[in-house]
There are 2 protein chains.
Amino acid sequence: MPKETFFNLAEAKRKLIEDVAVDEFVTYGYDKASINRIVKSCNIAKGSFYQYFEDKKDLLKHLLTKMAQDKAKYVSPHLLKVKDADFFTILREMYILGLKFSADNPRVAQMANQVLKSKHHPVYQEIVNANMEAVYTYLSNLLKHSIAKGELRPDIDLRFVSYIISAINLATVEYYFDIVKGKEVNMGSFDEDIIDIANMFVDFIKKGIAKPTGGNDNDQG
Amino acid sequence: MPKETFFNLAEAKRKLIEDVAVDEFVTYGYDKASINRIVKSCNIAKGSFYQYFEDKKDLLKHLLTKMAQDKAKYVSPHLLKVKDADFFTILREMYILGLKFSADNPRVAQMANQVLKSKHHPVYQEIVNANMEAVYTYLSNLLKHSIAKGELRPDIDLRFVSYIISAINLATVEYYFDIVKGKEVNMGSFDEDIIDIANMFVDFIKKGIAKPTGGNDNDQG
DNA sequence: ATATAATATGACTCAAAGGTCATATGACCC
DNA sequence: GGGTCATATGACCTTTGAGTCATATTATAT
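Residues numbered from 1 in each chain as written. Chains lettered and ligands numbered in written order. Predicted model: local features only at pLDDT ≥ 70, side-chain atom pairs only at ≥ 80, totals over all residues. Heavy atoms only, no water.

Examining the pattern of salt bridges
Step number 1: Under the definition given, this model contains 32 salt bridges over all chains.
Step number 2: The shortest N-O distance in the salt bridge between Arg153 of chain B and Asp155 of chain B comes to 3.3 Å.
Step number 3: Taking relative accessible area as the criterion, Arg153 of chain B reaches 7% and is therefore assigned buried.
Step number 4: Residue Asp155 of chain B is classed as exposed on the basis of its relative accessible area of 54%.
Step number 5: In this structure, a network of salt bridges that share partners links the residues Lys117, Glu174 and Asp178 of chain A together with Lys119 of chain B. (Salt bridge = Lys/Arg side-chain N within 4 Å of Asp/Glu carboxyl O. Buried < 20%, exposed > 50% of the residue type's maximum accessible area, 1.4 Å probe, protein only.)

Printed below as a string of structure tokens:
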């Protein structure tokens with residue numbers, strides 16, 4: 001937790017530090033991120049930084065916590081609206097919201113993705129593992145519920161599918177930044193791209209890629 | 001490339017250095033991996049290390065290149081045997097072989113996975129990006145071929161599916177180390193576990209998780 | 001035995017990091 | 001003005017890292 005001093009700072013200054021820090025982490029990764037560079041960029045003294053934060057880890061943890069809060073605040077109300085829909089509609093909404101948030105906060109999102117992907121990261125245990133449990137529980141319950149409603153194959157392994165849906169969740173964001181944002185700069189509107197990607201992923205999770213063997217598939221996506 | 005001196009070394013000494021280095025990278029990650037610690041562990045002088053390698057990056061690149069060669073040597077002949085089988089049989093064989101190799105070389109495999117997952121890694125560009133192109137090309141051709149044979153839905157996006165199959169390939173290894181190796185120490189034989197995992201992943205990619213809507217599904221896995 | 005080439009060595013340099021601390025500044029109240 | 005508190009400062013300390021180099025050792029050849 002940052003020290004009280006940090007929260008007493010003028011909003012502009014606080015935001016400057018946060019923005020610069022995110023940039024630093026995104027550009028150099030955690031280990032190579034330098035407090036010296038950050039304070040220079042912010043035009044604050046080294047000592048001041050340590051009035052605000054315990055250390056580098058404290059800084060990163062603050063940024064991630066803040067992001068989690070912002071994301072939750074953005075996602076929750078939208079997700080509530082579809083909470084009674086079928087599984088794939090909910091999943092699709094989750095992907096769309098996640099992608100939209102990433103598009104609106106690209107650097108923070110990429111920073112978080114880095115942490116999410118490297119188990120060696122000094123904050124992985126404290127931040128990721130702690131939340132992962134909640135995610136798996138949420139997904140498992142959702143899956144169970146949807147199986148009961150007859151929307152999913154009853155023979156799936158809950159733990160496995162939870163795992164893979166989380167992994168694919170990460171991959172969607174990656175795919176968005178790598179392929180869509182990476183190549184052409186101005187294609188369609190962002191929202192269209194995002195919806196296309198979400199549809200592709202959900203469609204994949206839903207039906208796989210094998211040619212249907214006789215049965216008709218009614219697409220409700 | 002390591003210097004000639006390194007390859008002139010006695011096999012045992014060379015292997016010791018490689019093993020210690022892999023351990024170091026796996027334990028601390030690239031940035032925090034220390035040449036000082038490595039040479040101490042090997043009981044060689046700092047200067048000797050720099051007779052063998054240009055620098056830390058050179059060392060890691062050597063280890064990854066060697067792994068790639070070992071893996072290729074192990075995988076290729078097995079993969080040849082199923083080259084005319086249907087898509088999912090080939091994919092399944094790919095997963096099984098990859099998992100077996102990882103099980104036999106766990107530390108090297110985990111080291112490689114780390115690199116694969118972090119785009120900030122100093123060797124990502126040179127190593128991963130270079131090979132990625134080949135992987136995508138291979139998968140795209142395989143997909144095209146299989147679509148022509150009527151095994152896959154013709155409406156899939158080749159780029160997207162190549163991407164996701166690569167991502168899932170990574171996830172299988174993760175899943176293996178996290179869940180299977182992580183929990184119980186001695187369950188069934190390794191091979192059984194591996195085959196189970198490969199089946200789950202291929203089944204997922206093949207059929208997705210939605211309950212089939214009327215059509216019967218003939219499982220040939 | 002001597003000369004030449006290959007290899008081994010670890011003290012050393014230089015740079016950069018994280019983190020501390022005594023001091024300075026400024027805001028606010030009496 | 002005088003006193004108190006929160007905040008700001010940057011020189012400084014310690015540690016650690018990567019990488020160098022003059023020198024010592026060993027092996028090979030003649």
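Looking at the packing of aromatic side chains
Step number 1: If you walk through the whole model with that rule in mind, you get 31 aromatic pairs over all chains.
Step number 2: Pairing Phe25 of chain A with Tyr30 of chain A gives two aromatic rings, centres 5.8 Å apart and planes at 5 degrees, and the pair type is stacked.
Step number 3: By relative accessible area, Phe25 of chain A is classed as buried at 2%.
Step number 4: By relative accessible area, which is 12% here, Tyr30 of chain A ends up buried.
Step number 5: Positioned over the ring face of Tyr28 of chain B is Arg37 of chain B, at 3.6 Å from the centre of the ring.
Step number 6: Between Lys56 of chain B and the ring centre of Tyr30 of chain B, over which it is positioned, the NZ or CZ distance is 4.8 Å. (Phe/Tyr/Trp six-rings, centres within 6.5 Å; stacked < 30°, edge-to-face > 60°. Lys NZ or Arg CZ within 6 Å of the ring centre and 35° of its normal.)

Regarding unusual backbone geometry
Residue and element names in this part refer to chain A.
Step number 1: The backbone phi angle of Asn43 is positive, close to 60 degrees, even though this residue is not glycine.
Step number 2: Looking at where Asn43 falls in the secondary structure, it is placed in the loop between helix H3 (35-42) and helix H4 (46-52).
Step number 3: The exposure class of Asn43 is exposed, given its relative accessible area of 72%. (Helix = DSSP H or I, 4+ residues; strand = E, 2+ residues; numbered from the N terminus.)

Notes on the protein's contact with DNA strand D
Step number 1: Surrounding DNA strand D, one finds 20 residues, the nearest of these being Asn8, Gly47, Ser48 and Tyr52 of chain A together with Lys46 of chain B.
Step number 2: Per the 4 Å cut-off to the protein, sugar and phosphate atoms form 52% of the nearby atoms of DNA strand D.
Step number 3: The contact in question runs from a phosphate oxygen of DNA strand D to an N or O atom on the side chain of Asn8 of chain A, over 2.7 Å.
Step number 4: One of the side-chain N or O atoms of Lys13 of chain A is found 2.9 Å from a phosphate oxygen in DNA strand D.
Step number 5: Taken together, the residues of the surface near DNA strand D break down into seven nonpolar, eight polar and five charged. (Near = heavy atom within 4 Å. Polar contact = N/O pair within 3.5 Å; in protein donor to acceptor, adjacent residues only side chain to side chain. Nonpolar A, V, L, I, M, F, W, Y, C, P; charged D, E, K, R; others polar.)

Details of the domain arrangement of chain A
Residue and element names in this part refer to chain A.
Step number 1: When cut into domains, chain A gives domain 1 (1-54) and domain 2 (57-207).
Step number 2: The straight-line distance from the C-alpha centre of domain 1 to that of domain 2 is 28 Å.
Step number 3: Between domain 1 and domain 2 the total buried area reaches about 1,400 Å² when both faces are included, carbon and sulfur atoms providing 68% of it.
Step number 4: Counting across the domain 1 and domain 2 interface gives one salt bridge.
Step number 5: Viewed at the interface, domain 2 and domain 1 are joined by six residue pairs in polar contact (both at pLDDT 80 or more).
Step number 6: Of all the secondary structure elements, the ones that give two or more residues to the side of domain 1 that touches domain 2 are helix H1 (4-8) and helix H2 (11-32). (Domains from an automatic or database assignment. Buried area = accessible area lost by both parts, 1.4 Å probe.)

Focus: the interface of chain B and chain A
Step number 1: Each side of the interface is counted separately: chain B has 48 residues, and chain A has 48 residues.
Step number 2: For the chain B and chain A pair, buried surface summed over both sides reaches about 4,400 Å², with 61% attributable to carbon and sulfur atoms.
Step number 3: Lys119 of chain A is the partner of Asp178 of chain B in a salt bridge, and the nearest nitrogen-oxygen pair spans 3.7 Å.
Step number 4: Mapped by element, the contributors of at least two residues to the side of chain B that touches chain A are helix H2 (11-32), helix H6 (87-104), helix H7 (106-117), helix H9 (158-180) and helix H10 (190-207) of chain B.
Step number 5: Per element, the largest residue contribution to the side of chain B that touches chain A is eleven residues, and it comes from H9 of chain B.
Step number 6: Class assignment of the residues belonging to the side of chain B that touches chain A gives a composition of 22 nonpolar, ten polar and 16 charged. (Contact = heavy atoms within 4.5 Å.)

What about the relation of the copies chain B and chain A?
Step number 1: The operation relating chain B to chain A is a screw motion whose rotation component is 180 degrees, with 0.0 Å of axial translation and a residual RMSD of 0.0 Å. Given the turn and translation reported, the copies of this chain are related as if by a two-fold rotation axis. (Least-squares fit on C-alpha atoms with pLDDT ≥ 70 in both.)

Some thoughts on the protein's contact with DNA strand C
Step number 1: Lining the immediate environment of DNA strand C, one finds 20 residues, of which Lys46 of chain A together with Gly47, Ser48, Gln51 and Tyr52 of chain B sit closest.
Step number 2: The backbone of Gly47 of chain B places a nitrogen or oxygen atom 3.2 Å from a base oxygen of DNA strand C.
Step number 3: Here a base nitrogen of DNA strand C and a side-chain polar atom of Gln51 of chain B are 2.9 Å apart.
Step number 4: Those elements giving two or more residues to the surface near DNA strand C turn out to be H3 and H4 of chain A together with helix H1 (4-8) and helix H4 (46-52) of chain B.
Step number 5: It is H4 of chain B that provides the largest number of residues to the surface near DNA strand C, a total of five residues.
Step number 6: For the surface near DNA strand C, the per-class residue count stands at seven nonpolar, eight polar and five charged.

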